[in-house]
Amino acid sequence: MSVDVVVTGRGVISSIGESADAFYDALLERRSGIADGVAPCSAFDPESAMTAKEARRLDRFAQFAIAASDQAVAEAGLLESGIEPERIGVVIGTGVGGLETLERNCLAFLQEGERAVSPLFVPMMMPNAAAGMVAMRIGAHGPGFSVASACATGGHAIGEAKRMIERGEADVVVAGGAEAALTPVCLAAFKAMGALSKQGISRPFDARRDGFVMGEGAGVLVLERSDHARARGATLYGRIAGYAASNDAFHITQPETNGRGAMQAMRGALADAGARPVDVGYVNAHGTSTPFNDRIETLVMHGIWNGDAPPISSTKSAIGHLLGAAGAVEAVATLCALQREVLPPTLNYEQPDPDCDLDYVPEGPREVGGIELALSNSFGFGGQNACLAVARA
Amino acid sequence: MNEQEILEQVRSALAQIKVAGAETATMESSWADLDVDSLDLVEVVRILEDHFGIEIVDEKLDGVATVGDAVRLVEDISQEGATA
């Protein structure tokens, strides 16, 4: 593809910071948002980003999306740029949508009957609510929809937004993911699957890892055609140089034993970027802290780099697993790593596992010079994988 | 129950759903002035139904475009109920 896609705005709502820079500063300070086995965005005040009535009519996941997209849109100077509304798209995904709204209304229905169900139930719960509200907020008339691929949602949203620009359907796409699934039923469900850490500790790649810790939040990027961004003098925070997606076609929750699907996505993203494995200076891992993922992700790294893998670290060690928002927030971390030339650490990594023998940046942050390209991995339940190749602007 | 009491309840219903300017809404305030849409109206109607113990069928809402329209509708339905 001859069309370059750059990043001109970034937004993050996370348990350790609300803005791309505040979030990345916190990562470099080795701060953790995890307490009592979850990583909630406790400091988030929806009314700092919207009116009380708007907040009341949005599920928490959409509130996160609005707040993060406001940051990204402001950073990009999008509303002042005079871009034709028809040329702005919005692709914001979520793993599970308005779960809090769903649970509250189900309970009301069971306890009090039909009349207790809110007329706002559907517009608050539906997964595309966030993308729709963001489009309304900025007056974006270009293509828009939500993406749902569980824990790979954020990666797919950004990748598909890149494709939308490459295909000429938009000059700018506001893209990312949002999740607010720290509800009693959802936590019980992940616990029942055996996916959650019993110790409540996110320690990716450590020998004692026993599952993930759930977090919440949102990540949103403003993606823009490079010549368009340069012509209007926008600040460039990096480039989405490559993207690929794949299916494991193996199991609904377990990653494929040999990592074939993950490897296909990573190799595909490199090919899409016109790059070779040796060009990659850093990998932001999917790194969930589950026994399966971290072993297989390591195996895939060996398969691609054959003993010469670049450093790889997991953002989930600090903020837990943001499900549908994970890939988007981690794309922001990857952009910041390249821009600042400092790699974020993997927290809580103490006991090496013979099956996980890469450089996980445990002592980080680590200053690095001259890295031009990084990968951001996202592997979802359903066996759906996305990989972004992120480059310096 | 007088008009003023019903007006207070309509204001209260608007405030419960966080409509800006609910407390100062007048009989002349329109839904458009208050940025009240069809979903908001469903909620307002439910709150009023519960408070006054009445039923407001959808057909009765045709042409109800102001706070005053809503107050008069509640008044009419309440009186119908009282005389039935």
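Our structure is the block above this text.
**Student:** Can you walk me through helix 4 (residues 99-112) of chain A in this structure?
**Tutor:** Note: α-helices contain 3.6 residues per turn, so residues at a spacing of three or four share the same orientation. All names here are of chain A. With 14 residues, helix 4 should reach 20 Å at 1.5 Å per residue; the first-to-last C-alpha distance of 20 Å fits that figure. If you check which residues of helix 4 are buried, you get L99, T101, E103, N105 and A108. As for helix 4, its buried residues are in contact with helix 5 (121-125) and helix 8 (184-193). Looking one or two residues past helix 4, G113 carries a phi angle of roughly 95 degrees, positive in sign.

**Student:** Whenever I open this one, the interface of chain A and chain B confuses me. Can you help?
**Tutor:** Reports of interface size often rely on the accessible area that becomes lost once the parts have come together. Listed as interface residues are 11 residues of chain A and, on the opposing side, 14 residues of chain B. Taken together, both faces of the contact between chain A and chain B bury some 1,100 Å²; the carbon and sulfur share is 44%. The largest share of the area that chain A buries against chain B comes from K53, R56 and R115 of chain A, three residues that together contribute 56% of it. Taken together, the links from chain A to chain B amount to six salt bridges. For D40 of chain B, the salt bridge goes to R57 of chain A, with nearest N and O atoms at 2.6 Å. Across the contact surface, chain A and chain B share nine residue pairs in polar contact (both at pLDDT 80 or more). Counting residues per element, the side of chain A that touches chain B draws most heavily on helix 2 (residues 52-56) of chain A, which supplies three residues. Among the residues making up the side of chain A that touches chain B, the classes are represented as six nonpolar, one polar and four charged.

**Student:** Help me understand unusual backbone geometry, please; the structure alone is not making it clear to me.
**Tutor:** All names here are of chain A. The linkage connecting G364 with the following residue, P365, adopts the cis geometry, with an omega of 10 degrees. Secondary-structure assignment places P365 in the loop between strand 11 (342-343) and strand 12 (366-367). Phi at D36 is positive, roughly 55 degrees, even though this residue is not glycine. Structurally, the position occupied by D36 is in the loop between helix 1 (20-28) and strand 2 (38-39). A relative accessible area of 82% places D36 in the exposed class.

**Student:** Hey, could you run me through the environment of S69 of chain A in this one?
**Tutor:** Secondary-structure assignment places S69 of chain A in helix 3 (residues 60-76). Apart from the residues lying within four places of it in its own chain, the contact partners of S69 of chain A are V134, V174 and V220 of chain A.

**Student:** What should I look at first to understand the environment of L102 of chain A in this one?
**Tutor:** Residues and elements named next belong to chain A. By the element assignment, L102 lies in helix 4. The class for L102 is partly exposed, based on a relative accessible area of 29%. Once the C-alpha coordinates of L102 and D59 are considered, the two residues, 43 residues apart in sequence, prove to be 9.4 Å apart. With near-sequence residues (within four places) excluded, L102 lies in contact with F121 and M125.

**Student:** It is not clear to me how the pattern of salt bridges should be interpreted in this structure. Could you clarify?
**Tutor:** A side chain of one charge can pair with a side chain of the opposite charge when the charged atoms of the two come close. All names here are of chain A. The full count for this structure, using the stated rule, is 36 salt bridges over all chains. With its nearest N and O atoms 2.7 Å apart, the salt bridge here joins E166 to K162. Linking E166 with K162, this pair stays in helix 7 (residues 153-166), spanning four residues, or about one helical turn. Residue classification places E166 among the buried residues on the basis of a relative accessible area of 8%. A salt bridge links E166 to R163, with the shortest nitrogen-to-oxygen separation between them at 2.9 Å. Here the residue E166 and the residue R163 both occupy positions in helix 7, the gap between them amounting to three residues, near one helical turn. Shared partners join several salt bridges into a network, and the residues in it are R10, D21, D25, E75 and R340.

Definitions and limits used
Residues numbered from 1 in each chain as written. Chains lettered and ligands numbered in written order. Predicted model: local features only at pLDDT ≥ 70, side-chain atom pairs only at ≥ 80, totals over all residues. Heavy atoms only, no water. Helix = DSSP H or I, 4+ residues; strand = E, 2+ residues; numbered from the N terminus. Expected span 1.5 Å × (residues − 1). Buried < 20%, exposed > 50% of the residue type's maximum accessible area, 1.4 Å probe, protein only. Contact = heavy atoms within 4.5 Å. Buried area = accessible area lost by both parts, 1.4 Å probe. Salt bridge = Lys/Arg side-chain N within 4 Å of Asp/Glu carboxyl O. Polar contact = N/O pair within 3.5 Å; in protein donor to acceptor, adjacent residues only side chain to side chain. Nonpolar A, V, L, I, M, F, W, Y, C, P; charged D, E, K, R; others polar.

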